[in-house]
Amino acid sequence: MCDRLTARAAIAALTTEFEELVESGVADHDTDGDGPLSWAGYADSRARAAARTGEEESVVHGLASIGGRSCVLVSFEFGFLGGSLGRRTGDLLEAAYEAARTQGLPLVSLIATGGSRMQEGMVALTQLQRVARASARLRAAGPAQLAVLRDPTTGGGWATLGAGADVILALPGAQVGFAGSRVRPADADPHAYTAEGQLAAGQIDAVVPPDELPETVARWLQALHAPGSPAPGPAPVPDALSATGLPVTGWDAVRQARSPSRPRAEAYLDAYFDHRLPLGGDRCGGTDPGLRCGFGRRDGRTIAYVAQCGNATSPAGYRTAARVIRLADRLGVPVLTLIDTPGAANDAEAERAGAGAAIASTFAAIAEARVPVTTLVIGEGGSGGALALAAPGNTYVTQDSYFSVIAPESAAAILKRAPDEVRATADQLRLRPQDLVELGIARAVVRPDPSED
């Protein structure tokens, strides 16, 4: 279990620059009585919570600067009735979202809550609708939402501020789940209700140690918020990392792209970015270890990236890619995609996990993007599983890559050709880098930076 900081201690752990907002428009609902249900003793419980914590409600919000970046900051006070959401909590959260929307600032939520407040019944539960509506209004206006999951983050707080955020970080060991500890099935796997379990299931983006949290949040705010920036130009095309010459035959192209010594996505990303902030998981219970996604900084610019690592991409990978591309598009951040896959995963598990729909979503994310997308094929470009991440009209290829409607072995099998005809089939497919440029599929063959020689 994590140490449970107070709301203000959690704020102080992130920043010393915090100005609490006291909203004149926030109503003092039932502060002198037993609430909308006339729950006996509710007023006394609130009074004791206020005396114990020094707070009037379960959340504190205000304007903050973290690492020199402005934001609206919300922090939950778990000591106040378990950080539960009541009607007045809804008022304060709605005011926080509105402040972020009107001032064009990202919203950072430090969450520690047990869920909705029972003493207010359905009135408390409907606050989740208010939070969801306020979150949707902020999302439509553009600013990012970042959540930090403290211990515990359960119930409606997880299902709105937490899981509804664009970027979700968590502290090690935090309880995270819709079901609180007292209402889970007796035989439930306890790991599933932890930050680490949710990370493995693709529900959150990172587990961050407390001493690294200030820098991590500051870097995310830098990456996600650029006030007054002009419309972004496209992400620069990465230099090739291999000096391999152009292939003579189609099979040469396939052999070079499949070489185990060829540079992979990690090497390209490390060479391209000053630093990266990974995003992971499809928010549907899946992750793809063969895909790298996130936002990075290069020469003072933020660029989103989606990079295949040479494996067959799973449905979870495509859903994650689509999520990142759509977030970048909303925030006005250009996108770089690196293609390197023999194709989409096509086993029975992938089909059950919705391979077709996931690939379709990725195609749609690229097609709908208003920000420029730049693509570099760095290895294998296998069929629609690769094309789903390719930018129409802005795709480049390296000398040790190929792009094909289908792998030559599969093409020969479908055409009922003998195994010794695979190489000739590769030539017929015209999949070499120079063929792709001639066919208008790629704009150019990218070569290494000569200054690196």
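Check the entry above for the structure.
Residues numbered from 1 in each chain as written. Predicted model: local features only at pLDDT ≥ 70, side-chain atom pairs only at ≥ 80, totals over all residues. Heavy atoms only, no water.

**Here's the deal with helix α11 (residues 315-331)**
Right, on to step 1. The end-to-end C-alpha separation of α11 is 25 Å, in line with the 24 Å expected for 17 residues at 1.5 Å each.
Right, on to step 2. In terms of residue burial, α11 counts as a mostly covered element, since 14 of its 17 residues are buried. (Helix = DSSP H or I, 4+ residues; strand = E, 2+ residues; numbered from the N terminus. Expected span 1.5 Å × (residues − 1). Buried < 20%, exposed > 50% of the residue type's maximum accessible area, 1.4 Å probe, protein only.)

**Section: the side chain of T160**
Right, on to step 1. Tracing the sequence through the fold places T160 in helix α6 (residues 155-162).
Right, on to step 2. A polar atom in the side chain of T160 sits 2.5 Å from the backbone oxygen of G156.
Right, on to step 3. Not counting chain neighbours up to four residues away, the residues in contact with T160 comprise L128, V131 and A165. (Polar contact = N/O pair within 3.5 Å; in protein donor to acceptor, adjacent residues only side chain to side chain. Contact = heavy atoms within 4.5 Å.)

**Some thoughts on the packing of aromatic side chains**
Right, on to step 1. Here the structure, examined in full by the defined rule, presents three aromatic pairs.
Right, on to step 2. Ring plane angle 65 degrees and centroid distance 6.0 Å describe the contact between W220 and F295, whose orientation is recorded as edge-to-face. You can see W220 sitting in helix α8 (residues 213-224) and its partner F295 sitting in strand β10 (residues 291-298), a full 75 residues away along the chain. There is no split in this pair, since W220 and F295 are both buried.
Right, on to step 3. Ring geometry for F273 against Y305: centres 5.3 Å apart, planes inclined by 45 degrees, an arrangement best described as tilted. Of this pair, F273 sits in the loop between α10 (265-272) and β9 (275-279) while Y305 is found in strand β11 (residues 301-308), placing the two residues 32 residues apart along the sequence. The burial state of F273 is the same as that of Y305; both residues are buried.
Right, on to step 4. In this structure an aromatic cluster arises from ring pairing among Y272, F273 and Y305. (Phe/Tyr/Trp six-rings, centres within 6.5 Å; stacked < 30°, edge-to-face > 60°.)

**A word on the nonpolar core**
Right, on to step 1. Of all hydrophobic cores here, the largest spans 57 residues; its most connected members are V217, W220 and F295.
Right, on to step 2. The next biggest cluster of nonpolar side chains, apart from the first, holds 31 residues, and it includes V74, I111, A134 and I204. (Core = buried A, V, L, I, M, F, W, Y, C linked by side-chain atoms within 4.5 Å.)

**Focus: the pattern of salt bridges**
Right, on to step 1. Summed over the entire model, instances satisfying the criterion amount to 28 salt bridges.
Right, on to step 2. A salt bridge links D329 to R370; its shortest N-O distance comes to 3.2 Å. Of this pair, D329 sits in helix α11 while R370 is found in the loop between α13 (355-368) and β13 (373-382), placing the two residues 41 residues apart along the sequence. (Salt bridge = Lys/Arg side-chain N within 4 Å of Asp/Glu carboxyl O.)

**Considerations on a nonpolar patch on the surface**
Right, on to step 1. The grouping of L37, W39 and M118 at the surface amounts to a nonpolar patch, some 340 Å² of accessible area in total.
Right, on to step 2. Taking relative accessible area as the criterion, L37 reaches 42% and is therefore assigned partly exposed. (Patch = residues over 30% accessible without salt bridge, like charges linked within 9 Å, V, L, I, M, F, W, Y side chains within 5 Å. Areas by Shrake-Rupley, 256 points an atom, 1.4 Å probe, with all protein chains shown as cover.)

**Description of the pairing of strand β4 (residues 107-113)**
Right, on to step 1. Counting buried positions along β4 yields seven of seven residues, so the element is predominantly enclosed.
Right, on to step 2. Residue alternation in β4 divides its side chains into two sets, L107, S109, I111 and T113 and V108, L110 and A112, and both sets are buried.
Right, on to step 3. Pairing of strand β3 (residues 69-76) with β4, which is carried by four bridges, proceeds in the parallel orientation. Bridged to S75 within β4 is L110. (Pairing = 2+ DSSP bridges.)

**Thoughts on the environment of R447**
Right, on to step 1. For R447, the location among the structural elements is in the segment after β16 (445-446).
Right, on to step 2. In this structure R447 comes out as partly exposed when scored by relative accessible area, which is 44%.
Right, on to step 3. For the pair R447 and Q399, spaced 48 residues apart in sequence, the C-alpha separation works out to 7.0 Å.
Right, on to step 4. Setting aside residues up to four positions removed in sequence, R447 forms contacts with D239, A240, L246 and Q399.
Right, on to step 5. A distance of 3.5 Å separates a polar atom in the side chain of R447 from the backbone oxygen of V445.

**Side note on unusual backbone geometry**
Right, on to step 1. Of note, the amide linkage connecting D151 to P152 takes the cis form, showing an omega dihedral of -5 degrees.
Right, on to step 2. Locating P152 in the fold gives a position in strand β5 (residues 145-154).
Right, on to step 3. Notably, D299 is not glycine yet its phi reads approximately 50 degrees, a positive angle.
Right, on to step 4. In this fold, D299 is placed in the loop between β10 and β11.
Right, on to step 5. With a phi close to 60 degrees, K416 is a non-glycine residue in the positive phi region.

**Some thoughts on the pairing of β11**
For a regular strand, side-chain orientation follows a simple rule: the groups alternate between the two sheet faces.
Right, on to step 1. For β11, the tally of buried residues reaches seven of eight residues, placing the bulk of the element in the interior.
Right, on to step 2. Note: β10 against β11, eight bridges, orientation antiparallel. Each residue of the ladder has a partner; that of R297, found in β11, is T302.
Right, on to step 3. Counting the residues in the hairpin turn of β10 and β11 gives two residues, including D299, whose phi is positive at 50 degrees.
Right, on to step 4. Regarding the hand of the β-α-β motif, the stretch spanning β11, α11 and strand β12 (residues 335-341) is right-handed. (Right-handed = clockwise from strand over helix to strand, strands pointing away.)

**Quick look at the side chain of T15**
Right, on to step 1. Within the secondary structure, T15 sits in the loop between α1 (7-14) and β1 (17-20).
Right, on to step 2. Only 2.5 Å separates the side chain of T15 from the backbone oxygen of S65, close enough to count as a polar contact.
Right, on to step 3. Those residues in contact with T15 that sit more than four places away from it in its chain are A64, S65, I66 and L73.

**Some details on the packing of α11 against α13**
Right, on to step 1. Axis separation between α11 and α13 bottoms out at 8 Å; the angle between their running directions is 20 degrees. Judged by the inter-axis angle, α11 sits roughly parallel to α13. In this structure, α11 crosses over α13, and the sense of that crossing is left-handed. On α13, the residues touching P315, Y318, R319, A321, A322, I325, R326 and D329 of α11 are A355, A358, I359, S361, T362, A364, A365, I366 and E368.
Right, on to step 2. Per-class residue counts for the contact of α11 with α13 are 11 nonpolar, two polar and four charged. (Axes fitted to C-alpha atoms, helices over the stretch in contact; angles between N-to-C directions. Parallel < 35°, antiparallel > 145°, perpendicular 65-115°, else oblique. Left-handed = near helix turned anticlockwise from the far one by under 90°. Nonpolar A, V, L, I, M, F, W, Y, C, P; charged D, E, K, R; others polar.)

**Concerning helix α3 (residues 87-103)**
Right, on to step 1. Taking 1.5 Å per residue as the helical rise, α3 with its 17 residues ought to reach 24 Å, and the 24 Å between its terminal C-alpha atoms agrees with that figure.
Right, on to step 2. Listed in full, the buried residues belonging to α3 are R88, T89, G90, D91, L92, L93, A95, A96, Y97, A99 and A100.
Right, on to step 3. Buried residues along α3 sit in contact with β2 (59-66), β3, β4, α5 (127-141), β5 and α6.
Right, on to step 4. Just past α3, the residue G104 takes up positive phi, approximately 65 degrees.

Structural measurements only, silent on function.
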